[in-house]
Amino acid sequence: MARIALSHVGKVYEDGTRAVADLNIEVEDGEFLVFVGPSGCGKTAALRMVAGLETITEGDVRIGDKLVNNVPPRDRDVAMVFQSYALYPHLTVRDNIGFGLQLRKMPKAEVRRRVEDAARTLGLSEYLDRKPRNLSGGQRQRVAMGRAIVRQPQAFLMDEPLSNLDAKLRVQMRAEIGKLQRDLGVTTVYVTHDQVEAMTLGHRVAVIRKGVLQQIAPPQELYDRPTNLFVAGFIGSPAMNFLSATVLRDDNDQYTLEMGAETLVLPPSVPVARPALAGYVDKPIVVGIRPEDIEDASIAGRQPGRTLPARAELVEPLGSDLMVHLSMDLPQASGHEDIAELAEETGEGGVAIADERAVVVARFSPRSQVKVGDPVQITVATEQIHLFDATTGSAVWDA
Ligand SMILES: Nc1ncnc2c1ncn2[C@@H]1O[C@H](COP(=O)(O)OP(=O)(O)OP(=O)(O)O)[C@@H](O)[C@H]1O
Ligand SMILES: [Mg+2]
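Residues numbered from 1 in each chain as written. Chains lettered and ligands numbered in written order. Predicted model: local features only at pLDDT ≥ 70, side-chain atom pairs only at ≥ 80, totals over all residues. Heavy atoms only, no water.

A. Highlighting the site of ligand 1. Looking at ligand 1, there are 13 residues lining it, with Ser39, Gly40, Lys43, Thr44 and Ala45 nearest. One of the side-chain nitrogen or oxygen atoms of serine 39 is found 2.6 Å away from an oxygen atom of ligand 1. A distance of 2.8 Å separates an oxygen atom of ligand 1 from a polar atom in the backbone of alanine 45. Out of a free accessible area of 640 Å², ligand 1 has 61% covered by protein chains. Ranked by the residues each element gives to the shell around ligand 1, the list is headed by helix H1 (residues 43–51), at three residues. Within the shell around ligand 1, the residues separate by chemical class into five nonpolar, five polar and three charged. (Near = heavy atom within 4 Å. Polar contact = N/O pair within 3.5 Å; in protein donor to acceptor, adjacent residues only side chain to side chain. Areas by Shrake-Rupley, 256 points an atom, 1.4 Å probe, with all protein chains shown as cover. Helix = DSSP H or I, 4+ residues; strand = E, 2+ residues; numbered from the N terminus. Nonpolar A, V, L, I, M, F, W, Y, C, P; charged D, E, K, R; others polar.)

This is how it looks when you write it as structure tokens:
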């Protein structure tokens, strides 16, 4: 096991495409680090540079204390697991798992022992003599994992290993990979564009956009303290709602957000936690509100400064919640480049409303009686509000 350090790593392909720029990440020994980001953001390119499958255009990659920029993949002591499991169809499960060891001329008895150990760990013992075509998708995925495990590498590098599985199996295998990594304690870098996988598996998650690292943090911190609009909108489903507002402050230092004809009053904790907010008085700001921070006012209670009028355009009962798409007479912050890109990526923020009212998604209690077409008062958990610079998209925190 080892730590992996990327310092100022960049990748430019021969045709001039820049896939990764100035990536600085230290993966701790035994850590499970996830790279997440939209398609084409450079996740695979970054991982392949660690694996040695792609040349490193700029910067250094270290595994353990060793600079590996010019070390061929087989000498880096890392094991890759791909989306396509790349199993040999004519070999049995046993030989698929042991193939790499046999290639290294490991004694037969040792190969046997390691393969059988791995098979036991992965619940594959009874399938050792089968061919891959006679296995389920999940079992094939486990064989691919087995091949990585028997090598006892310094690190696992996994590129969307679950994306060929159906939804139910993905959830199951996700749990298995998490447990396996905990049991083995092997440093792991895991690539996915699925934010649920990222959040559930990662000790830390690195959010990448257009080749550039946006934020690297434990999952809950990404969720609670996203560093910019992009991370805020990318992490969380349904996505955070974004609205345009002007920041006002009265003589008693009370802050309000003016949004069209409506206002939200901010509890004192919001400016206290954000010294930089003082610099936005009388200026535009982007307000972020997560769906779970909006409740039907008939349940949460009407509270001056927190309750706004809306109309229910779509009501989706999920059992545990009611997902309600609301139209509101407020300025939506759809103009910002990051928000436009996010809408494209997630397919959200798209319910077109003819009169250009803002569309806001709320997660109501299932006890709400709201029906499509109803006017409804909503109450916002204003202490949970997120605030972003309208120009740069950076979260507003410290001055
Ligand atoms: N061989 C290549 N030559 C030129 N450009 C490439 C090459 N391989 C990848 N790219 C480009 O590099 C960028 C990053 O690609 P990469 O495969 O790392 O994305 P990704 O984040 O893994 O996306 P996905 O989630 O779709 O797998 C993309 O713009 C891609 O088109
Ligand atoms: Mg990829």
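And the narrative resumes.
B. Broad picture of the confidence of the model for the chain. Mean pLDDT for the chain: 92, with 96% of residues reaching 70 or above. Segment residues 349–355 is flagged for pLDDT under 50; beyond a separation of four residues in sequence, or across chains, it makes five contacts in the model. (pLDDT = per-residue confidence, 0-100. Contact = heavy atoms within 4.5 Å.)

C. The arrangement of the domain arrangement of the chain in detail. In terms of domain boundaries, the chain breaks down into domain 1 (4–225) and domain 2 (234–389). One C-alpha centre belongs to domain 1, the other to domain 2, and the line joining them spans 38 Å. Tallying the contact residues gives 13 residues for domain 1 and 11 residues for domain 2. When residues of domain 1 are sorted by the area they lose upon contact with domain 2, Gln195, Arg209 and Tyr223 head the list and together hold 55% of the total. Between the two partners, domain 1 and domain 2, sit zero salt bridges. Here domain 1 is connected to domain 2 by three residue pairs in polar contact (both at pLDDT 80 or more). Of all the secondary-structure elements, those providing two or more residues to the side of domain 1 that touches domain 2 are helix H6 (195–201), strand E9 (204–209) and helix H7 (219–224). When residues of the side of domain 1 that touches domain 2 are assigned to their parent elements, the largest contribution, three residues, is made by H7. Across the side of domain 1 that touches domain 2, the residue classes tally to six nonpolar, four polar and three charged. (Domains from an automatic or database assignment. Buried area = accessible area lost by both parts, 1.4 Å probe. Salt bridge = Lys/Arg side-chain N within 4 Å of Asp/Glu carboxyl O.)

D. Expanded view of the environment of threonine 17. Along the chain, threonine 17 turns up in the loop between strand E1 (4–12) and strand E2 (18–27). Every residue in contact with threonine 17, bar those within four places of it in the chain, is listed here: Lys11 and Val12. Here aspartate 15 takes part through its side chain, which lies 2.7 Å from a polar atom of the side chain of threonine 17.

E. Up close: the pairing of strand E17 (residues 322–328). Of all seven residues in E17, seven are buried, a share of seventy percent or more. Residues Leu322, Val324, Leu326 and Met328 of E17 are buried on one face, and the alternating residues Met323, His325 and Ser327, pointing to the opposite face, are buried as well. Sheet topology note: the strand E16 (residues 307–317)/E17 ladder contains six bridges and is antiparallel. The residue of E17 that forms the bridge with proline 317 is leucine 322. As consecutive antiparallel partners, E16 and E17 are separated by four residues, and within that stretch glycine 319 has a phi angle of approximately 90 degrees, a positive value. Both E17 and strand E18 (residues 358–364) contribute to a ladder of seven bridges, which runs antiparallel. Note that in E18 the partner of valine 324 across the bridge is alanine 362. (Buried < 20%, exposed > 50% of the residue type's maximum accessible area, 1.4 Å probe, protein only. Pairing = 2+ DSSP bridges.)

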